[in-house]
Amino acid sequence: MYVISENTLRISVRNLVEFVLREGNIDNRTGGLADVKLMQEGAKMHKKIQKSMGSAYNAEVSLRLVIPMESPEHIPYEIKLEGRADGIIADMQEDEAGNKIPVSDVTIDEIKTVQTDVEKMNAPVEVHKAQACVYGYIVAAQKNLKSISVQMTYCNPETEKIKRFKEEYTFEQINQWFYSLMDKFTRWSDFIFEERAKRQASIKKLSFPFDYREGQKSLVVSVYKTIESGGNLYIQAPTGVGKTISTVFPAVAAMGQEYIDKIFYLTSKTITRTVAEETFDILRQNGLKIRTVTLTARDKICHLKERDCNPAACEYADGHYDRVNDAVYDLVTHEAVINRDKIYEYSVKHKVCPFEMSLDVSYWCDGIICDYNYVFDPNASLKRYFGDGSKGDYVFLVDEAHNLVDRARSMYSAVLMKEDFLAVKRIMKDKDSKLASSLEKCNKELLEYKRLCDTYRELENMGRFPMWLERCMNNISAYIDKHKNQHMPEELMDLFFKIRHFLNMYDCMDEKYVIYTEHDAAGNFLMHLYCVDPSGNIGERLAQGRCTVFFSATLLPVNYYKDMLSGSREDKAVYANSPFDTVNRRIIVGTDVSSRYTRRNRNEYLKICKYIHETVKVHQGNYMVFFPSYQYMETVFLLYMEMYPSNEIKLSDLSYDAHELDLLMSDGENVLMQRAAMKEAEKEAFLNTFTNIKEGREKSSLVGFCVTGGIFSEGIDLKEDSLVGVLIVGTGLPMICRQRNILRDYFDRNGIDGYAYSYVYPGMNKVLQAAGRVIRTDSDRGVILLLDDRFSDREYERLFPREWNEVYPSTKENVGKIVGDFWK
């Protein structure tokens with residue numbers, strides 16, 4: 001919304017009036033469905049109107065106004081208003097200095113394209129008129145005019161009908177109106193500069209809150225220098241390095257030097273958001289004055305059981321915009337740590353939507369902790385910061401960056417199903433014949449593609465299909481707008497958003513996309529826009545900030561992530577050394593076992609069972625075994641129970657408290673198996689069996705059977721005796737499927753090892769994440785067993801982390817001795 005540079009606040013005229021004068025409801029039943037296509041149509045209509053207005057019409061006139069200010073605490077600053085008037089109607093001539101001055105009456109023209117019937121409009125929209133009035137004040141003040149006229153020009157791009165509203169103001173009238181508007185904004189600008197002064201003063205006194213671990217200071221310096229110079233940095237940061245404080249602290253320090261003005265801490269999991277919050281709290285305890293907000297997903301913070309964002313269904317949506325500015329001001333002037341609970345509390349106090357309020361709160365915070373979606377997802381990103389392509393002094397700290405590759409592919413891909421068009425056509429045929437006809441046209445277009453597709457077919461282009469999609473979307477939009485206060489069929493709205501996303505992705509599609517059609521397992525016919533390489537789309541967003549730091553414990557090989565995320569191998573990279581003593585860890589590779597599909601048989605499963613039993617037998621404790629799939633895990637589990645009878649703790653037993661849970665354990669081996677689609681409470685209970693270690697359990701062991709890449713192979717922190725070993729079955733290769741093969745073929749065509757990029761590297765990342773569950777502190781000891789002979793191949797050994805400096809090959813016959821020697 002605004003940009004701060006030293007003692008200047010820059011804000012566009014449009015953002016100013018839309019912020020100060022907003023009012024009304026949140027209503028998902030109305031229009032407001034702007035997208036790339038509608039904006040393009042609006043731009044074309046603007047130009048057409050401007051060209052038709054004659055020689056006295058001066059189009060696209062840039063305007064600026066600087067207003068000196070002083071806060072109540074006597075901090076001087078200035079507000080710089082910037083904007084571009086659609087038109088200034090006046091006969092102009094140049095003075096001696098070459099400046100254009102009006103020699104006739106002056107009219108400011110503001111053009112707005114709308115989807116409604118303009119002939120039914122009785123008055124201009126207040127916020128539109130306000131934008132034109134600000135332009136009018138700037139021109140009148142700078143040209144010393146005694147009066148000025150303001151004209152609103154409304155046009156429907158489909159019908160091309162136009163309606164105008166014109167009003168004249170004396171300079172005294174428009175001057176009084178303008179400063180009344182600015183008075184409503186100055187409480188916010190005063191707040192910004194007063195809080196900023198406190199923040200900057202506190203940063204000057206701030207020092208790193210811990211003794212530096214080995215290599216940690218150089219990591220901090222690398223982050224700081226990257227922010228100073230701008231660009232991207234990749235950090236391979238093993239567990240224990242302190243990656244969160246090592247990125248947040250230098251970002252705050254750079255903020256103190258005014259290199260950046262906002263920190264985006266981006267995560268993919270709730271647990272890492274919590275770590276980020278705790279890190280900022282540590283710095284606050286050391287004197288830092290900083291305000292942070294943690295954004296929570298809309299559905300997770302909604303007051304309703306089922307979200308329905310309109311005033312008829314939700315009292316918080318009713319009149320939300322009438323109250324939200326006061327709610328936000330109340331919150332940011334009383335709280336520095338703005339988390340989910342605080343958002344909820346102030347939402348109830350002021351009766352506003354908690355999610356929308358949290359987005360507005362972010363304007364007035366120094367740090368924003370949120371999911372990747374809020375920066376990178378074209379449908380969920382913060383339009384407040386990134387919607388118009390503008391740049392800001394932002395740093396993006398991307399935690400667990402290895403997750404962003406697949407997440408970004410999903411964000412920037414799109415798919416449409418033929419059967420959806422047919423189903424919605426049947427619903428709408430008696431309600432809107434024009435809309436039904438356009439749905440049928442799209443259905444027929446897809447039918448033609450279906451006839452040419454046996455099972456799967458790649459396409460060079462989609463012919464005229466995008467044009468028919470655009471017409472269909474416009475017809476749906478018109479129907480929604482016409483029936484704005486009525487309930488819309490869910491199927492219609494779902495299809496609308498799918499079409500809109502598809503067209504938006506079509507507009508940004510480049511050579512890094514593959515277009516293909518296929519028949520799915522259920523017999524449906526699908527059209528895909530598949531983003532195989534998301535670096536171009538990600539790079540566009542990165543360019544809107546000053547610097548991005550990608551960090552993870554598993555960014556190997558780093559050139560793969562450079563290719564997939566920023567698209568430049570010239571970006572800097574740092575490998576942080578592990579602070580843990582390597583003698584506390586033993587890496588063992590099973591050379592006589594494999595998880596290859598061709599070798600999945602009882603004999604191989606028996607080998608795995610023996611590896612597990614021999615490992616657990618020589619040292620009691622808690623272990624996790626990770627398998628390639630649920631089916632593989634369940635097969636081995638049943639065989640293990642047959643060969644080595646153990647005490648099974650069933651998931652249904654895990655509702656007991658810690659004391660009762662301990663009673664479930666028996667001497668010897670206890671086993672527990674992960675289930676698909678576990679609820680959060682079940683997940684916590686599963687982990688509690690590992691953390692609730694009681695005296696008297698020294699003679700018992702716990703073996704958790706889990707899935708590689710699942711909820712227990714990443715993002716959990718089992719310290720000390722909670723976990724003493726992990727066994728990983730297989731190389732983590734993703735399941736062979738059509739999209740993975742499309743990736744493979746695409747990279748092969750582009751001179752890159754397609755199999756490695758589509759299967760090996762993503763699989764090895766899952767292995768490294770699972771291995772990272774053991775050894776979480778400098779006092780932990782544990783074993784990591786890699787059960788697949790492929791780990792002995794050079795292709796995989798070169799992907800091992802640097803700290804895996806000694807690897808022990810083993811067989812099922814001698815693994816017990818190798819593990820036993822370690823524990824001795």
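Described in the following lines is the structure provided in the data block. Worth saying up front: this structure is predicted, and the values here are computed from it rather than measured.

What follows covers the overall build of the chain. A count of helical and extended segments in the chain gives 28 helices and 29 strands. Relative to the compact-globule value of 28 Å for 824 residues, the chain shows a C-alpha radius of gyration of 31 Å, a close match. Projected onto its principal axes, the C-alpha positions of the chain cover 100 × 70 × 50 Å. Taking as baseline every contact in the chain between residues at least 6 positions apart, the subset at least 24 positions apart corresponds to 77%. When the accessible surface of the chain is split by element, carbon and sulfur atoms take 46% of a total near 36,400 Å². Here the chain contributes 108 positive and 121 negative side-chain charges, whose respective centroids are spaced 3 Å apart.

With that settled, consider the packing of helix 6 (residues 243-256) against helix 7 (residues 270-285). Here helix 6 crosses helix 7 at 50°, and the two axes come no closer than 10 Å. Judged on the interaxial angle alone, helix 7 and helix 6 are oblique. At the point where helix 6 passes helix 7, the crossing takes the right-handed sense. The residues of helix 7 that touch helix 6, namely those facing T244, I245, V248, F249 and V252, are V275, A276, T279, F280 and L283. The class makeup of the residues in the contact of helix 6 with helix 7 is eight nonpolar, two polar and no charged.

In terms of burial, strand 20 (residues 547-552) is largely enclosed, as six of its six residues are buried. Side chains C547, V549 and F551 of strand 20 all project onto a buried face; the interleaved residues T548, F550 and S552 project onto the opposite face, where all are buried too. Bridge count between strand 10 (residues 231-236) and strand 20: six bridges; the pairing is parallel. Residue pairing for strand 20: G231 is matched across the bridge by C547. Pairing analysis gives five bridges linking strand 15 (residues 394-399) to strand 20, with the strands arranged parallel. Looking across to strand 20, one finds that V398 is bridged to F550.

The subject of this paragraph is the sheet that holds strand 20. Overall, parallel pairing links the eight strands, which are arranged 13-12-14-11-15-20-10-21 in an open sheet. Both outer strands of the open sheet, strand 13 (337-338) and strand 21 (572-575), are each paired with one neighbouring strand and no more. Running over the sheet, helix 7 touches strand 11 (262-267), strand 12 (292-294), strand 13, strand 14 (367-371) and strand 15 and is turned about 165° from strand 14.

What follows is about the nonpolar core. Judged by nonpolar contacts, the single largest core of 188 residues is most densely connected at W364 and M624. Setting aside residues no more than four positions away along its own chain, M624 makes contact with F686, L687, F690, G704, C706, F712, I716, L718, L723, G725, V726 and L727. In this structure, Y605, Y611, Y632 and F705 belong to the second largest nonpolar core, which totals 34 residues.

What follows covers the packing of aromatic side chains. According to the stated counting rule, one finds 53 aromatic pairs in the structure shown. Both rings, one in F355 and one in Y374, keep their centres 6.5 Å apart while their planes meet at 40°; by these two values the pair is tilted. With a gap of 19 residues between them, F355 in helix 11 (residues 354-361) and Y374 in helix 12 (residues 373-376) connect regions that are remote in the sequence. The exposure classification of F355 matches that of Y374, with both residues buried. Above the face of the Y808 ring, R586 is positioned so that its terminal group lies 4.0 Å from the ring centre.

The next thing to look at is the sheet that holds strand 26 (residues 700-707). Strand order across the open sheet formed by eight strands is 24-25-26-23-27-28-22-29, with parallel pairing between neighbours. The outermost strands of the open sheet, each flanked by one partner alone, are strand 24 (647-648) and strand 29 (807-810). Across the sheet, helix 21 (residues 602-618) is in contact with strand 22 (585-590), strand 23 (622-627), strand 25 (668-673), strand 26, strand 27 (725-729), strand 28 (782-787) and strand 29; its angle to strand 23 comes to roughly 165°.

Turning our attention to the packing of helix 16 (residues 433-451) against helix 17 (residues 465-482). The relative placement of two packed helices comes down to the angle between their axes together with the axis-to-axis distance. Two elements in contact, helix 16 and helix 17, have axes separated by 9 Å at closest approach and are oriented at 155°. In terms of their interaxial angle, helix 16 and helix 17 are classed as roughly antiparallel. Taken as a pair, helix 16 and helix 17 cross one another with a handedness that is left-handed. Along its contact with helix 16, which presents K434, L435, S438, L439, K441, C442, E445, L446 and Y449, the element helix 17 presents F465, W468, L469, C472, N475, I476 and Y479. Per-class residue counts for the contact of helix 16 with helix 17 are eleven nonpolar, two polar and three charged.

Rules used throughout
Residue indices follow the written sequence of each chain, beginning from 1 at its first position. Totals for whole chains, interfaces and linings use every residue, but because this is a predicted model, local features are given only for residues with pLDDT of at least 70 and side-chain atom pairs only at 80 or more, for both listing and counting. Water and hydrogen atoms play no part in the side-chain values, which are based on all heavy atoms of the structure. Helix and strand labels come from DSSP, where a helix needs a run of H or I of at least four residues and a strand needs a run of E of at least two; each type is numbered from the N terminus. For a compact globule the rule gives 2.2 Å times the number of residues to the power 0.38, and the radius of gyration it is set against comes from C-alpha atoms. For this analysis, residues touch if any pair of their heavy atoms sits within 4.5 Å. The Shrake-Rupley method, run with a 1.4 Å probe, gives the accessible areas here. Residue values count only the displayed protein chains as cover. By the counting rule applied here, Lys and Arg register as positive and Asp and Glu as negative, while His and the ends of each chain are not counted. Working definition for charges: the position is that of NZ of Lys, CZ of Arg, CG of Asp or CD of Glu. Each axis is a line fitted through C-alpha atoms, taken for helices only over the stretch in contact, and angles between the N-to-C directions span 0 to 180 degrees. Roughly parallel refers to an angle under 35 degrees, roughly antiparallel to one over 145, roughly perpendicular to one between 65 and 115, and oblique to any angle outside these ranges. By convention, the crossing between two helices is left-handed when the near helix turns anticlockwise from the far helix through less than a right angle, and right-handed when the turn is clockwise. Basically, the charged four are Asp, Glu, Lys and Arg, the nonpolar ten are Ala, Val, Leu, Ile, Met, Phe, Trp, Tyr, Cys and Pro, and anything else, Gly included, counts as polar. The buried label applies to any residue whose accessible area, calculated with a 1.4 Å probe on protein chains only, is under 20% of its type's maximum; exposed applies above 50%, and partly exposed to all values in between. Strands pair, by our definition, only if DSSP identifies at least two bridges between them. Here, the term nonpolar core denotes a set of buried Ala, Val, Leu, Ile, Met, Phe, Trp, Tyr and Cys residues that are joined through side-chain atoms within 4.5 Å. Under the pairing criterion, centres of Phe, Tyr and Trp rings, with the six-membered ring standing for Trp, must be within 6.5 Å; the plane angle then separates stacked pairs below 30 degrees from edge-to-face pairs above 60, leaving the rest tilted. Two conditions define a charge located above a ring, namely a distance within 6 Å from the ring centre to NZ of Lys or CZ of Arg, and an angle within 35 degrees of the ring normal.

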